[in-house]
Amino acid sequence: KQEVTQIPAALSVPEGENLVLNCSFTDSAIYNLQWFRQDPGKGLTSLLLIQSSQREQTSGRLNASLDKSSGRSTLYIAASQPGDSATYLCAGANDYKLSFGAGTTVTVRA
Amino acid sequence: DGGITQSPKYLFRKEGQNVTLSCEQNLNHDAMYWYRQDPGQGLRLIYYSQIVNDFQKGDIAEGYSVSREKKESFPLTVTSAQKNPTAFYLCASSIVSGGFNEQFFGPGTRLTVL
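The present account deals with the structure reproduced in this document.

Reading the values: rules and limits
- Residues numbered from 1 in each chain as written.
- Chains lettered and ligands numbered in written order.
- Predicted model: local features only at pLDDT ≥ 70, side-chain atom pairs only at ≥ 80, totals over all residues.
- Heavy atoms only, no water.
- Helix = DSSP H or I, 4+ residues; strand = E, 2+ residues; numbered from the N terminus.
- Buried < 20%, exposed > 50% of the residue type's maximum accessible area, 1.4 Å probe, protein only.
- Areas by Shrake-Rupley, 256 points an atom, 1.4 Å probe, with all protein chains shown as cover.
- Lys, Arg positive; Asp, Glu negative; His and termini not counted.
- Charge placed at Lys NZ, Arg CZ, Asp CG, Glu CD.
- Contact = heavy atoms within 4.5 Å.
- Buried area = accessible area lost by both parts, 1.4 Å probe.
- Salt bridge = Lys/Arg side-chain N within 4 Å of Asp/Glu carboxyl O.
- Polar contact = N/O pair within 3.5 Å; in protein donor to acceptor, adjacent residues only side chain to side chain.
- Nonpolar A, V, L, I, M, F, W, Y, C, P; charged D, E, K, R; others polar.
- Pairing = 2+ DSSP bridges.

### Describing the overall build of chain B
So, point 1. Within chain B one finds zero helices and eleven strands.
So, point 2. Seen in sequence order, chain B has helices and strands lined up from the N terminus as β-β-β-β-β-β-β-β-β-β-β.
So, point 3. Taking the principal axes of the C-alpha coordinates as reference, chain B spans close to 40 × 30 × 30 Å.
So, point 4. Expressed as a percentage of the 114 residues in chain B, the buried residues total 49%.
So, point 5. Summed over all atoms, the accessible surface of chain B reaches about 5,500 Å², with 47% contributed by carbon and sulfur.
So, point 6. Measuring between centres, the 11 positive side-chain charges of chain B sit 8 Å from its 11 negative side-chain charges.

Here is the structure:
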């Protein structure tokens, strides 16, 4: 069974600092890894999806990397803004099922 | 606008009652999913369906039931057998094509047991 872990559970940074969010998974036979953003009381917004054959994906200020051999993915957010404050979840896909980490709650201080 | 809608946004249930959460999508996706989210935990899969009239249990299916009579709709019933139903419920959908594809989520329904 796929186990996904996100450490730390919470992170606070000043505006303008680069964010580094970590995700680790136990089963390297994943089809892909997906990063989501969740605002309080809301649903999930898909940010990036990395296929198992890819090493990274980029969208604007966001960059996500995937290292299957070490069971790790990292989400980088450049030049953080207060609007980036949210919970970020990663999920690994196996057999049409997503296994989620508990998320990292980010606060960007103005 | 294409997307996933869930209703109601908030739902209150008395002990012993069954309640049904609605999920509709107009993305023409074949697969639909139900997840449960509890504070401080990741989402856990309740049920999923890859095609009309077929569905599979996820990791925590006990106390829940679903149906998939139409491609666009995947309602979830929380039965009285579910001992701790208070949670945030999220519905998702995806295409089904040569492996696993990107899932898109609805806004969620918050269920509270009175």
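### Notes on the interface of chain B and chain A
So, point 1. Of the residues lining the interface, 24 residues belong to chain B; the matching set on chain A comes to 19 residues.
So, point 2. Summing the contributions of chain B and of chain A, the shared interface buries around 1,800 Å²; its carbon and sulfur component is 59%.
So, point 3. Remark: the boundary between chain B and chain A carries zero salt bridges.
So, point 4. Across the contact surface, chain B and chain A share four residue pairs in polar contact (both at pLDDT 80 or more).
So, point 5. Elements with a minimum of two residues in the side of chain B that touches chain A: β4 (31–37), β5 (44–51) and β9 (87–94) of chain B.
So, point 6. A class-by-class count of the residues in the side of chain B that touches chain A yields eleven nonpolar, nine polar and four charged.

### Structural notes on the side chain of Ser93 of chain B
Residue and element names in this part refer to chain B.
So, point 1. Within the secondary structure, Ser93 sits in strand β9.
So, point 2. For Ser93, a relative accessible area of 1% gives the class buried.
So, point 3. In terms of polar contacts, Ser93 uses its side chain to reach the side chain of His29, at 2.7 Å.
So, point 4. What Ser93 contacts, discounting residues up to four positions off in sequence, is Ile4, Gln25, Leu27, His29, Ala31, Met32, Tyr33, Glu102, Gln103 and Phe104.

### Points about the pairing of strand β3 (residues 19–25) of chain A
All names here are of chain A.
So, point 1. Of the two faces of β3, only one is covered, namely that formed by Leu19, Leu21, Cys23 and Phe25; the face formed by Val20, Asn22 and Ser24 stays uncovered.
So, point 2. By the bridge criterion, six bridges tie β3 to strand β8 (residues 72–77) in an arrangement that is antiparallel. Bridge assignment links Asn22 to a residue of β8, and that residue is Thr74.

### Observations concerning the sheet that holds β3 of chain A
Residues and elements named next belong to chain A.
So, point 1. Taking strand neighbours across the sheet as the criterion, the five strands line up as β1-β3-β8-β7-β6 in an open arrangement whose pairing is antiparallel. Each having just a single partner strand, β1 (4–5) and β6 (56–59) make up the two edges of the open sheet.
So, point 2. Judged from the six bridges that link them, strand β7 (residues 62–67) and β8 form a sheet pairing that is antiparallel. Residue Ala64 lies in a different strand from β8, and its bridge partner there is Leu75.

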